Amino acid sequence: MATLKPGSADSPARPRRRPPAAVTIMRRATFAAAHVLRREEWDEARNRAVFGACAGEHGHNYVLEVGVSGVPEPATGMVVNLKDLDRLMRQAVIDDVDHRHLNRDVAWLQGVIPTAENLALAFWHRLEERLPDGALARVRLVESENNSVEITR
Ligand SMILES: [Zn+2]
């Protein structure tokens, strides 16, 4: 274990500290949506066997967390203005999915089985194309108390 010794900041013996690898600011948004997990080409028994209760129509109160990384701007102390990030999350994702049926109502989810994994990936792509290169660091989608998916760069 390392010993902690008080030292003066300008002591020549003090090792140089490395800057943090990344500063990530997180923003959270919620939405409610219905979905069903099934493959039309499979019969009911196979859909039930693979997707369980999710093979029937149901809904979730989802929580979406988005992390943006960068260097805080000296003038504002912000990596990104949370007002702007919130607006971007609404325009790219929330406005299209809130109070919708994810299998039927969302053009950019057509043909996608709306598992938490697939939803998080679709959200990642829509957010990434609206942010500066490399800025999107994390997408976390909480589907239920027990299930969540996280995508990191
Ligand atoms: Zn579900």
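Residues numbered from 1 in each chain as written. Predicted model: local features only at pLDDT ≥ 70, side-chain atom pairs only at ≥ 80, totals over all residues.

A. Representation of the sheet that holds strand 2 (residues 58-70) within the structure. Spatially, the 5 strands line up as an open sheet ordered 3-1-2-4-5, and their pairing is mixed. Edge positions in the sheet fall to strand 3 (100-101) and strand 5 (148-152), since each has one partner strand and no second. The sheet contact formed by strand 2 and strand 4 (residues 136-142) spans 6 bridges and is antiparallel. From the neighbouring strand, Val66 faces strand 4, where its bridge partner is Val139. The strands that helix 2 (residues 82-97) touches are strand 1 (23-35), strand 2 and strand 3; relative to strand 1, the one it contacts most, it runs at about 20°. The sheet contacts of helix 3 (residues 116-128) involve strand 2, strand 4 and strand 5, and relative to strand 4 the element is tilted by about 145°. (Pairing = 2+ DSSP bridges. Helix = DSSP H or I, 4+ residues; strand = E, 2+ residues; numbered from the N terminus. Contact = placed C-beta atoms within 7 Å. Axes fitted to C-alpha atoms, helices over the stretch in contact; angles between N-to-C directions.)

B. Region of interest: the environment of His58. In this structure, His58 sits in strand 2. On the neighbour-count criterion, His58 (11 C-beta atoms within 10 Å) is exposed. Residues His58 and His101 lie 43 residues apart in sequence; the distance between their C-alpha atoms is 9.5 Å. (Buried ≥ 20, exposed ≤ 12 C-beta atoms within 10 Å, placed from the backbone.)

C. Fine view of helix 2. An ideal rise of 1.5 Å per residue puts 22 Å on 16 residues; helix 2 measures up with 21 Å between its terminal C-alpha atoms. Along helix 2, the helix axis deviates most sharply at Arg90, where the bend reaches about 50°. Its buried side turned inward, helix 2 meets strand 1, strand 2, strand 3 and helix 3. His99 sits one or two positions beyond helix 2 and adopts a positive phi of about 60°. (Expected span 1.5 Å × (residues − 1). Bend = angle between axes of the 7 residues up to and from the residue.)

These values are about where atoms sit, not about what they do.
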